[in-house]
Amino acid sequence: MNPKQLNEKKWLVIYTRPRWEKKVDMLLQRQGIESYCPLKQVQNQWADRKKEVSVPLFSSYVFVRVNLREEGLVLYCLGVMGYVYYMQHPAVVSDTVIEEIKRNLAIYKDVEVINLQSISIGDRVLVKQGAFVNQPGQVVQIQGKNVLMVFDNIHCALVTRIPFQHIAIQNLNQNKKNATK
């Protein structure tokens, strides 16, 4: 391996202890390691007040930009569980993807990471925001990040496409219930 490859920095993904993303980011930066923990602003409500707080966009993940020599140092940081692997090598994220995440967080304040595997056809959902807020319905089709759903409580079938992040699962479909019994 030549010296140029040893010094070449690339973005890798590390897995952290639950709820340690911001701490790990701060500890790595104190050690002089370039790291990035994408944060989004959310409003938390307690009984007596509301407060806007920064929470990690990706649960238990932090990005580090390191060379081959620094890769080992990252693992000694308190709260780091290890690297995320893809095909038996640490997962590499391109600079353009990191820049795109930063740009989107600066432009769009309501960015949210959603696991599309958490919802399936037949699930009962509730619309969290938009024209049909608080309306329950059933998922008919999933098209990318949009959900085609039927609202059945208005005595007719009204079909609409709703962005995935605007719905919340009420109860799982019958197939999932039977699978758990």
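Residues numbered from 1 in each chain as written. Predicted model: local features only at pLDDT ≥ 70, side-chain atom pairs only at ≥ 80, totals over all residues. Heavy atoms only, no water.

Enquirer: Where do I start with the nonpolar core in this structure?
Expert: The nonpolar side chains of soluble globular proteins are, as a tendency, buried together. Grouped together as the largest cluster of nonpolar side chains are 14 residues, with contacts concentrated most on Ile14, Leu28, Val64, Val66, Val74 and Tyr83. Secondary-structure elements contributing two or more residues to this core are strand S1 (10-16), helix H2 (21-30), strand S5 (61-66) and strand S6 (80-83). With three residues, the single largest contributor to this core is S5. Setting aside anything within four residues of it in sequence, one finds valine 74 in contact with Ile14, Leu28, Ile33, Val64, Val66, Val80 and Tyr83. Counting residues in hydrophobic clusters, the runner-up holds nine residues, among them Val13, Tyr36, Ile101 and Leu105. (Core = buried A, V, L, I, M, F, W, Y, C linked by side-chain atoms within 4.5 Å. Buried < 20%, exposed > 50% of the residue type's maximum accessible area, 1.4 Å probe, protein only. Helix = DSSP H or I, 4+ residues; strand = E, 2+ residues; numbered from the N terminus. Contact = heavy atoms within 4.5 Å.)

Enquirer: Mind showing me how you'd approach H2 here?
Expert: Each turn of an α-helix holds 3.6 residues, which means side chains three or four residues apart point in the same direction. Taken as a whole, H2 has its buried residues at Glu21, Val24, Asp25 and Leu28. Along the axis of H2, the buried residues cluster in a sector spanning 100 degrees; they form a single face. On its buried face, H2 is in contact with S1, strand S2 (34-36), strand S4 (50-56), S5, helix H3 (68-75) and S6. In the segment just after H2, glycine 32 is the residue with positive phi, at about 85 degrees. (Arc of directions from axis to C-beta.)

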